[in-house]
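An overview of the molecular structure
The lines below spell out each chain.
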Amino acid sequence: MSFKVTRRKFLQTASIAAATLPLAKVVSAETGFVRDPFTPPGSFEGTQTVTGGVCEMCFWRCQLVGKVRDKKLVKLEGNPKSIDNGKSICARGNAGIKLLYDPDRLKFPLKNVGERGKPVWKQISWQEALDECGSKLKAVQEKYGSQGIAMFPHGASAKYPMDFFEKVVGTHNVSEASFFQCRGIRDSAYMATFGVAPGESVDMPNAKAILLIGCHFGENVHVSHVKAYLKGLENGAKLIVVDPRYSASAAKSDIWVQIKPGTDTAFLLAIMNYLVQKDKYDKKFVAAHCVGFEEFKKGISHASLDWAAKICDVPAKQIQEVADLLAANAPNVSIHPGRHVSWHGNDFQRIRAHACLTALLGAIGVKGGFVKAKGVKVKGISWPKVAEGGEEHNLKLMADKYHFAPPGTPTELIRDACITGKPYPIKGCVVWGQNPMQTIPNQQRMVDSLKQMDFVMCVDVMPTDITMYADILLPEACYLERYDYIKTGTQWNFADKHQQYIAPRMPLVDAMFERKDEVFITNEIAKRMGYGDKIPVNSLEEKINKELAGVNLSIAQLKKEDGIHIQDGKDPYGVSEDFEVQLYNEDLEDNDYPAVPTYIPVEEVPKGFTRLVYGRSPVHTFNRSQNNVWLHNAMPVNPVWLNDEIAKKMGLQEGDEVSLVNSEGVKSSSKTVVKVTPGIRKDTVYMAHGYGSRNPMLTVGVNAGVDDQELITKMTIDPETGCNGMRNNFVKLVKDGKTLDIPA
Ligand SMILES: Nc1nc2c(c(=O)[nH]1)N[C@H]1C(S)=C(S)[C@@H](COP(=O)(O)OP(=O)(O)OC[C@H]3O[C@@H](n4cnc5c(=O)[nH]c(N)nc54)[C@H](O)[C@@H]3O)O[C@H]1N2
Ligand SMILES: Nc1nc2c(c(=O)[nH]1)N[C@H]1C(S)=C(S)[C@@H](COP(=O)(O)OP(=O)(O)OC[C@H]3O[C@@H](n4cnc5c(=O)[nH]c(N)nc54)[C@H](O)[C@@H]3O)O[C@H]1N2
Ligand code: SF4
Ligand SMILES: [Mo]
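Residues numbered from 1 in each chain as written. Chains lettered and ligands numbered in written order. Predicted model: local features only at pLDDT ≥ 70, side-chain atom pairs only at ≥ 80, totals over all residues. Heavy atoms only, no water.

With respect to the overall build of the chain
For the chain, the count of helices and strands is 25 helices and 27 strands. Computed over its C-alpha atoms, the radius of gyration of the chain comes to 25 Å, within 12% of the 27 Å expected for a compact globule of 744 residues. Referenced to the eigenvectors of the C-alpha coordinate spread, the extents of the chain come out at roughly 70 × 65 × 65 Å. A total of 744 residues make up the chain; the buried ones form 64% of that total. Long-range contacts, defined here as pairs at least 24 residues apart, represent 75% of the contacts in the chain between residues at least 6 apart. As presented, the chain carries roughly 27,000 Å² of accessible surface, and 51% of it is formed by carbon and sulfur atoms. (Helix = DSSP H or I, 4+ residues; strand = E, 2+ residues; numbered from the N terminus. Rg over C-alpha atoms; globule rule 2.2 N^0.38 Å. Buried < 20%, exposed > 50% of the residue type's maximum accessible area, 1.4 Å probe, protein only. Contact = heavy atoms within 4.5 Å. Areas by Shrake-Rupley, 256 points an atom, 1.4 Å probe, with all protein chains shown as cover.)

As structure tokens, then:
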């Protein structure tokens with residue numbers, strides 16, 4: 001588009017001009033990769049390189065080495081042996097040291113002698129803390145049954161306790177924000193279409209065209225995935241980005257579709273209908289692998305280019321241009337499955353459309369297409385299944401809803417039960433590595449759920465907003481201080497020499513203060529709940545060694561191999577004969593859901609308001625890194641992106657300090673600044689997620705920027721999966737105490 005040059009220029013100036021954000025100094029704004037800002041060359045003399053680190057500043061788990069001097073970690077780098085991230089790590093990975101040594105980190109077990117939400121902390125011994133957790137959880141179990149305990153887990157360290165609570169204690173009430181507020185819909189929708197969860201399995205390095213719906217690589221940073229994307233662009237792939245905002249990816253695109261939020265399914269339906277009507281789809285692939293083509297064809301026949309253009313507020317010609325570009329490059333096209341996909345409560349249908357479009361283009365198992373890498377499986381050591389049945393307490397089955405939910409229980413079913421006591425009370429809560437205050441919409445419902453509990457325990461590394469609601473708060477060793485999680489995979493670029501890797505997390509330094517790991521904590525609670533005889537391993541190191549033994553490896557061997565075992569892999573290309581694509585899915589039909597991808601309209605923006613959408617900060621991971629001083633300095637607040645013409649009408653200028661209020665009257669408790677830009681639609685504002693912490697123990701991150709979640713109070717639930725849509729909240733800006741209407 002001719003548009004592109006000026007747009008790109010504007011982005012460059014915008015990122016430099018954002019004077020409050022010295023982002024450009026620290027990281028490349030587009031990739032989030034560090035340009036080594038803090039480390040004068042030569043200052044690492046006398047350090048020893050320790051291998052075997054696996055990053056968990058986010059969940060991509062890049063492989064690390066650490067430079068250690070006098071038992072202190074002074075620098076992190078990518079492990080040069082890695083065939084995944086290689087020597088690269090991102091800003092957040094680099095700043096892991098500042099988490100490790102954060103003076104605000106949890107150091108000792110704490111007991112809340114104040115109120116939930118307004119804690120007064122008293123340091124106690126591990127013995128006392130564990131006795132209290134064990135006895136209180138046992139009491140809940142005895143009084144209300146195992147289903148009376150809910151768990152909110154996330155991350156490597158939460159897997160072992162989650163397994164314990166599900167299989168030994170026997171509760172179904174486990175809800176992962178990384179499913180129900182993130183990618184669960186994607187996995188379920190692809191399962192219902194391809195029969196497999198997709199991961200991020202698109203062969204972007206070898207693609208001739210890449211379609212990103214919402215994905216904003218460069219701000220969303222997963223090192224090897226971003227590398228794959230950039231490699232594709234370097235190799236000449238055409239890039240189509242569908243986003244209401246001029247994201248870092250949109251800035252690199254050949255076609256930017258500035259879509260109206262919530263309407264992507266209509267856009268995809270029109271593309272598919274056009275391809276079918278014009279005979280531009282892969283007939284051979286469809287005949288060999290697709291089920292229900294005729295029903296599908298009929299079901300989407302209403303979706304003309306003009307129909308979609310009106311709904312999506314983009315030119316019909318542009319939709320056609322996208323369709324033609326995809327068809328011209330088929331089958332070597334990467335239709336990205338998405339990752340955070342719980343957007344508007346109509347998302348399962350959209351993600352089904354991603355998968356169906358991929359199939360129509362024959363872009364499966366071919367270079368550049370949807371390609372599942374053939375990785376290694378390392379069998380985990382798990383708790384024995386003790387609790388039998390319990391299905392009569394499965395909230396999902398009892399509600400007879402959300403028949404395509406991912407594993408676990410939809411958050412709202414758990415919170416409904418907490419708040420109403422129906423169909424049964426939930427009175428015990430274990431939070432492990434999740435921050436449901438800031439990652440699940442409608443904070444008041446979370447507060448109400450937590451306040452009515454008999455007992456709440458949190459295991460965390462930092463004092464975050466959720467930890468303010470704990471009765472007992474336990475300090476965990478962080479990812480740099482413990483053995484953990486065996487990361488496996490294949491090389492990031494599907495090179496001709498197919499390889500696989502096995503990389504267990506090994507500590508780079510010892511844990512300080514009284515921090516403990518998940519095996520210690522879970523086992524001690526298990527003993528106190530009467531399950532001591534079920535304990536599968538006595539230490540995390542033993543667990544990892546046993547798991548490695550399953551693939552004829554050991555920690556000692558891995559240490560000799562610089563932390564990463566590499567072996568021959570398998571060619572990932574090709575499609576098995578029995579691979580089936582459900583363009584029309586009978587199971588969906590039987591459960592009263594649309595069997596062919598269908599556009600379900602979302603609520604329109606009310607007069608005087610604008611739609612709030614959010615995404616990633618390139619230098620933060622959600623809220624978890626907000627107190628990290630390097631990352632905080634790189635992007636101290638999350639500016640609210642406001643369309644320049646709208647800003648002008650409102651009399652607002654770049655850098656003006658504002659707060660936000662939503663259509664349900666909820667006001668942000670902190671402030672941020674306005675970013676005035678043509679790079680956002682007039683009916684939408686955008687901000688990075690994760691800011692605005694309220695825990696005063698976070699001396700760096702507290703009240704920095706605005707918490708998007710605080711403003712997301714209106715609930716929209718995806719009917720197939722029960723996942724939370726989070727982009728149907730409408731806001732106004734407040735300046736100098738005055739609430740400003742948003743002009744139409
Ligand atoms: N409004 C809004 N909501 C969202 C999103 C959004 O963009 N906007 N994103 C969604 C997405 S994509 C996801 S994946 C989820 C993520 O949501 P969460 O799972 O809640 O987020 P995390 O940052 O992984 O977890 C937060 C907690 O883990 C703690 N933690 C960090 N390291 C460790 C550790 O080693 N051990 C323990 N025990 N705790 C640790 C942090 O201090 C923090 O309290 O949020 C979802 N919710
Ligand atoms: N730096 C960094 N990187 C991360 C993370 C992090 O916390 N920090 N988290 C990781 C995790 S767990 C996840 S799940 C991923 C998430 O990363 P993505 O899956 O890429 O994130 P999304 O939130 O889906 O996409 C945000 C983009 O969607 C656009 N958008 C908003 N509404 C709509 C709409 O209706 N239609 C379309 N087409 N676009 C819309 C926004 O403008 C924004 O550019 O990022 C991962 N990478
Ligand atoms: S992408 Fe960055 S934060 Fe995530 S694991 Fe890799 S280095 Fe760590
Ligand atoms: Mo996520």
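Concerning the pairing of strand β19 (residues 610-615)
Burial runs high along β19: 6 of the 6 residues are buried. For β19 and strand β26 (residues 730-735), the ladder comprises 2 bridges, and the chain directions are antiparallel. Looking across to β26, one finds that R611 is bridged to F730. Here β19 pairs with strand β23 (residues 684-688) via 5 bridges, running parallel. (Pairing = 2+ DSSP bridges.)

Concerning the packing of aromatic side chains
Across all of its chains, the model carries 18 aromatic pairs by this definition. The structure contains a cluster of three or more aromatic residues connected by ring pairs, namely Y160, F164, F165, W383 and Y531. A cation over an aromatic ring shows up here: R61 above the ring of Y485, its NZ or CZ 4.1 Å from the ring centre. Just above the ring of Y281 sits the side chain of K283; from NZ or CZ to the centre is 5.3 Å. (Phe/Tyr/Trp six-rings, centres within 6.5 Å; stacked < 30°, edge-to-face > 60°. Lys NZ or Arg CZ within 6 Å of the ring centre and 35° of its normal.)

Describing the side chain of Q452
Here Q452 is to be found in the loop between α18 (443-451) and β13 (455-460). What makes Q452 buried here is its relative accessible area of 18%. Reaching out from Q452, the side chain makes a polar contact with the side chain of K427 at a distance of 3.0 Å. Excluding anything up to four places from it in sequence, Q452 contacts C418, I426 and K427. (Polar contact = N/O pair within 3.5 Å; in protein donor to acceptor, adjacent residues only side chain to side chain.)

Concerning the site of ligand 1
Neighbouring residues of ligand 1: 29 residues in total, closest H154, N435, D460, E476 and Q709. The side chain of R482 places a nitrogen or oxygen atom 3.0 Å from an oxygen atom of ligand 1. Between ligand 1 and R616 there is a distance of 3.2 Å, counted from an oxygen atom to a side-chain nitrogen or oxygen. In the complex, the protein chains occlude 96% of the 920 Å² of accessible area that ligand 1 would expose alone. At the level of secondary structure, the elements contributing two or more residues to the shell around ligand 1 comprise α7 (177-194), β13 and α25 (708-711). It is α7 that provides the largest number of residues to the shell around ligand 1, a total of 4 residues. (Near = heavy atom within 4 Å.)

Brief notes about helix α5 (residues 126-144)
For α5, which comprises 19 residues, the first-to-last C-alpha distance of 27 Å matches the rise-based estimate of 27 Å (1.5 Å per residue) to within 8%. Turning to α5, its buried residues number three or more, namely W126, A129, L130, E132, C133, G134, L137, K138, V140, Q141 and Y144. The positive-phi residue at the C-terminal boundary of α5 is G145, with phi of around 90°. (Expected span 1.5 Å × (residues − 1).)

Looking at the sheet that holds strand β6 (residues 149-153)
Across the sheet, which stays open at both edges, the 6 strands sit in the order β5-β4-β14-β13-β12-β6 with mixed pairing between neighbours. In this open sheet, the two edge strands, each paired with only one partner strand, are β5 (121-123) and β6. Going across the sheet, the axis of each strand differs from the next one's by a mean of 20°, ignoring polarity. Here strand β12 (residues 428-432) pairs with β13 via 5 bridges, running parallel. Opposite C429, over in β13, you have V456 as the bridge partner. (Axes fitted to C-alpha atoms, helices over the stretch in contact; angles between N-to-C directions.)

Here we look at the site of ligand 2
Near ligand 2 lie 33 residues; those nearest to it are D243, D264, H340, H620 and R727. In this structure, an oxygen atom belonging to ligand 2 sits 2.9 Å away from a side-chain N or O atom of R245. R616 places a polar side-chain atom, nitrogen or oxygen, 3.4 Å from an oxygen atom of ligand 2. Burial of ligand 2 by the protein chains amounts to 99% of its free accessible area of 930 Å². Both domains that meet at the shell around ligand 2, namely domain 2 (199-371 + 575-590) and domain 3 (610-740), each give it at least three residues. (Domains from an automatic or database assignment.)

Re the domain arrangement of the chain
Here the domain parsing of the chain yields domain 1 (110-180 + 378-482 + 511-551), domain 2 (199-371 + 575-590) and domain 3 (610-740). Distance from the C-alpha centre of domain 1 to the C-alpha centre of domain 3: 30 Å. Listed as interface residues are 29 residues of domain 1 and, on the opposing side, 29 residues of domain 3. Across the domain 1/domain 3 interface, buried area totals approximately 2,100 Å², and carbon plus sulfur atoms make up 56% of it. Joining domain 1 to domain 3, the criterion identifies 0 salt bridges. (Buried area = accessible area lost by both parts, 1.4 Å probe. Salt bridge = Lys/Arg side-chain N within 4 Å of Asp/Glu carboxyl O.)

Things to note about a negative patch on the surface
On the surface, E294, E295, E586, D587, E589, D590 and D592 cluster together into a negatively charged patch. Top contributing element to the negative patch by residue count: helix α22 (residues 586-590), with 4 residues. Looking at the secondary structure, you find D590 in helix α22. Residue classification places D590 among the exposed residues on the basis of a relative accessible area of 57%. (Patch = residues over 30% accessible without salt bridge, like charges linked within 9 Å, V, L, I, M, F, W, Y side chains within 5 Å. Lys, Arg positive; Asp, Glu negative; His and termini not counted. Charge placed at Lys NZ, Arg CZ, Asp CG, Glu CD.)

Some points on the packing of helix α6 (residues 159-169) against helix α19 (residues 518-528)
Between α6 and α19, the shortest axis-to-axis distance is 9 Å and the interhelical angle comes to 20°. In this view, α6 runs roughly parallel relative to α19, as classed from their interaxial angle. Note that α6 runs across α19; the crossing there is right-handed. Contacts between α6 and α19 involve Y160, P161 and F164 on the former and, on the latter, E518, V519, T522, N523 and A526. The residue makeup of the contact of α6 with α19, split by class, is 5 nonpolar, 2 polar and 1 charged. (Parallel < 35°, antiparallel > 145°, perpendicular 65-115°, else oblique. Left-handed = near helix turned anticlockwise from the far one by under 90°. Nonpolar A, V, L, I, M, F, W, Y, C, P; charged D, E, K, R; others polar.)

A look at the environment of G532
Its place among the elements puts G532 in the loop between α19 and α20 (540-549). Dropping the residues within four chain positions of it, G532 is found in contact with A526 and K527.

Thoughts on the pattern of salt bridges
Evaluated as defined, the whole model comprises 42 salt bridges. For the salt bridge of R528 with D131, the shortest nitrogen-to-oxygen distance reads 2.6 Å. Of the two residues, R528 is situated in helix α19 and D131 in helix α5; the sequence distance between them amounts to 397 residues. A relative accessible area of 34% means that D131 is categorised as partly exposed. The residue E412 makes a salt bridge to R415 at a minimum N-O spacing of 2.9 Å. Taken together, the residues E412 and R415, both in helix α16 (residues 411-420) and 3 residues apart, mark about one turn of the helix. Overall, E412 belongs to the buried group, its relative accessible area being 6%. The exposure class assigned to R415 is buried, which follows from its relative accessible area of 0%.

Remarks on the environment of L660
Assignment of secondary structure puts L660 in strand β21 (residues 657-662). By relative accessible area, which is 0% here, L660 ends up buried. With 12 residues separating them in the primary sequence, L660 and T672 have C-alpha atoms 8.9 Å apart. Apart from the residues lying within four places of it in its own chain, the contact partners of L660 are V666, K667, S668, T672, M687, V706, L711, V731, K732, L733 and V734.

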